Amino acid sequence: MERGPRGLVLAALNPAAQALGLRLGQSHADACALAPSLKSEAVKPGQAQDALRHLALWAQRYGPLVALDEGPVGEGYCGLEGLWIETTGADHLFGGEAALLADLTARLARMGAVAQVGLAGTPGAAWALARFAPSNATIAPPGGEAGALASLPVEALRLSPAAVQLLGRFGVRRIGDLYALPRAGLARRFRGEAGMQVILRLDQALGRLPEPLVGEIAPTAYFAHRVFAEPILHTEGVAQWGARLVEELCAKLEGEGLGARRIVLTGFRTDGRTTWFSAALGMASRDPEHLIRLLRERGWARLEVGFGLDALRLSASVTEPLRLSQPSLSASPGLVPGAHGARLDAHSAAHMPRHGCAEQVRARRKGGDAQELDPETHRAMAALIDRLTARLGETAVLRPVWRESWTPERAEGLAPYAAAPSTSASPQPAAQPRPILLFTPPEPIDAVAELPDGAPARFTWRRAARRVTRASGPERLAPEWWRKPSARGRPAAVRDYYRLEDEDGGRYWVFREGLYGDEDHLPSWWMHGLFP
Amino acid sequence: MIVSAPFRPPAPISARSDVAAASAPTLAAGLEEVCVEGASGVAAGLGFLLSAAGEGPCWGELMVAAPRCWLRERGRFLAGGLARLGLGDRAVLIVATTTEIEALWALEEGLRSGAVSLAVGAVEAASLLATRRLDLAARAAGATVVLIKTRPARDLSAARRRWRVAPHPSGPHPWDPKASGSPRWRVTLERSRDGASGAWILEQDLETHRLCLVEKLADHGVDLGERDALALRRSG
């Protein structure tokens, strides 16, 4: 039973309960009145989905691709969930299709799960056969979906109740009845969403339209797990064991030539709950020191220890191949402590300059002041971004990004450093100089111009009056009419930008929005930026 | 006329003309402070420090750390404008933090990482301990860290030098007499570990991206405001 809008309702039934005449969605009180001996248990949200997901991972033994069929949410789909297993090219390993189905049913029965199975060339037909075929384990011969489905009720096409009702009104009860109807007439008669659904589902079941399956992905294979005889009760213990797990995980990753892009530390509590936190890396790494530092900065205390942790697991949920990179020849061989061939390189690949090697790093820098960052600096940068992002959040670490636009505040925006594409989209050099500081949004100013369409002679900004000594402009930027109007509600107007200088030498970038002569909207003046 | 010869001895307008730097001032490794006033002062200070730092080595990235409220009030950094100061197409890392403490932490992390060669922080109140840490981290990495201050400092600071920068009427525009030309700043070295001090009017050459001194009598002449003249009389 589950909690519904009007009290407890039945969410799932076993055959015995169905035999008593109970139905899904019935209120618990009514059901108890019908069957006083009813045994019921509360459903946890997501419990069925989790179980199905586990089953999907197990079912990967039968085929490379297993997809979940959870059905539309909240449409009384309960009891019809299932799995799709793509067995193309895998059935001969089990001795044919029939043998595969028999093996599947037998194994599931041994686990205590009663399963209805069907096999066909399309997901839709298999769905229909598994649920509505008169006998279990029906197999549609290749290309024979139309014949196999003809005698099944139209509900087998995965239709919404509205569509089924609509078909029933026209006397169409079997899928075979649909074959005889002309398609154009069918679509015309069942107008609207319900009608389109009938055509779509029929075509999918018969293989006229493709229906791709999205497979369930296996959980990460790279983890380090530790079970404790005595539960960990303090954050210090988490830090200590976490560091050991990091080393274990890094050794595993090194064996596979991989680096972690995201690591998750999960704690299993004595009260049966789990607590976890994760840290993301901008560049794949398997340097234990860096990972430990990252977790420390995220905060070991993010694991809520509660009454104690029975087990700790550190997993690399996202991994990437980590290329071995060769340190530059100019760097002296003592750069990395320890010296044996590829191992040395693998360590330095995720290495950041530590205090010990600061001397060499500096010596290398003096060699040339090329604009191109050397790989060592690049790696140090990636490590820095990781640490800043871990502590301050992703929205705090930013880099400029350029867009194709000539509205200044749009042309150059800020994006999270980690997410922005690393290939430098170079700035489009503007014809006119741009300020060093930009106000977003622009700030309104009171300006007095000598000529209606000229540069201002005086203006007041932030309650200080300024007299303009020099001015240049205008630089006219037309509004981008293909964009939505701004939030201020008025249509975007032409902007005339002026560079002004006041008596003290302050250099400003102001613009007039709108033109004189437009009776509806008087032009307004705005401060947009400051020049050095 | 602008004399832009870096070899010429400068024309210090301060009373203590005995200590004069050999050429336009540059920033060294370690912690420096730039004191400014007002919104246009912030832009001038940034202009000065970025052009002065552009003369030094640029092996790493440029990092800017500032609290969000500072960025909202003073304006956000525009890379299109920074590029004009001779930073080329170096990547800019902007760290927008919630508090000043976080900004200080980010600066220190950047310096210790070995990837940042110039770090600029907009931090008003930094303790002696925090500035000392920044200075040590910067010198260990061979990088420069600059704090921009808009309010008079209450705490002691471990900065190597303290500059005061104010905007100055710009140089003449080559084609348009009504327009502003190369930016100029009035730069005063107020305090320095090695005892040097001085005051300059500096101009940024927009073509070579170098700082050069503006000749005392050239163009505008050195136009001492009343306040500066008063200060001179007092100190003299």
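What counts and what doesn't
Residues numbered from 1 in each chain as written. Chains lettered and ligands numbered in written order. Predicted model: local features only at pLDDT ≥ 70, side-chain atom pairs only at ≥ 80, totals over all residues. Contact = placed C-beta atoms within 7 Å. Helix = DSSP H or I, 4+ residues; strand = E, 2+ residues; numbered from the N terminus. Nonpolar A, V, L, I, M, F, W, Y, C, P; charged D, E, K, R; others polar. Pairing = 2+ DSSP bridges. Buried ≥ 20, exposed ≤ 12 C-beta atoms within 10 Å, placed from the backbone. pLDDT = per-residue confidence, 0-100.

**Regarding the interface of chain B and chain A**
Thought 1: Each partner contributes to the interface: chain B provides 54 residues, whereas chain A provides 51 residues.
Thought 2: Counting only elements with at least two residues in the side of chain B that touches chain A, the list comes to α1 (38–54), β3 (76–77), α3 (79–82), β4 (92–97), α4 (100–113), α5 (128–141) and β7 (161–168) of chain B.
Thought 3: Tallying contributions element by element places α1(B) first for the side of chain B that touches chain A, with 7 residues.
Thought 4: By residue class, the composition of the side of chain B that touches chain A is 28 nonpolar, 15 polar and 11 charged.
Thought 5: Alignment of strand β11 (residues 397–402) of chain A against β4(B), held across 2 bridges, turns out to be antiparallel. For Val397(A), the partnering residue across the bridge sits in β4(B) and is Val95(B).

**With respect to unusual backbone geometry**
For residues besides glycine, phi is generally negative; the peptide bonds are generally trans as well.
Residues and elements named next belong to chain A.
Thought 1: Note that the residue after Thr440, namely Pro441, is joined by a cis bond; omega there is -5 degrees.
Thought 2: Here Gly473 and Pro474 are connected by a cis peptide whose omega angle stands at 0 degrees.
Thought 3: Here Pro474 lies in strand β15 (residues 464–477).
Thought 4: One non-glycine residue, Arg158, adopts positive backbone phi at about 60 degrees.
Thought 5: Following the sequence through the fold, Arg158 ends up in the loop between α6 (145–149) and α7 (161–169).
Thought 6: If you check the backbone angles, Arg462 has positive phi at about 50 degrees while not being a glycine.
Thought 7: Mapped onto the elements, Arg462 comes out in the loop between β14 (456–461) and β15.
Thought 8: Under the C-beta neighbour-count criterion, Arg462 is labelled exposed, with 11 such atoms within 10 Å.

**What about the confidence of the model for chain B?**
Residues and elements named next belong to chain B.
Thought 1: Here chain B averages 79 in pLDDT, while 78% of its residues score no lower than 70.
Thought 2: For the stretch residues 1–22, pLDDT sits under 50, and the model shows 48 contacts to residues farther than four places along the chain or on other chains.
Thought 3: When the criterion is pLDDT under 50, residues 217–226 qualifies, and its contacts beyond four places in sequence or with other chains add up to 13 contacts.
Thought 4: If you check the scores for this complex, the pTM reads 0.59 and the ipTM reads 0.82.

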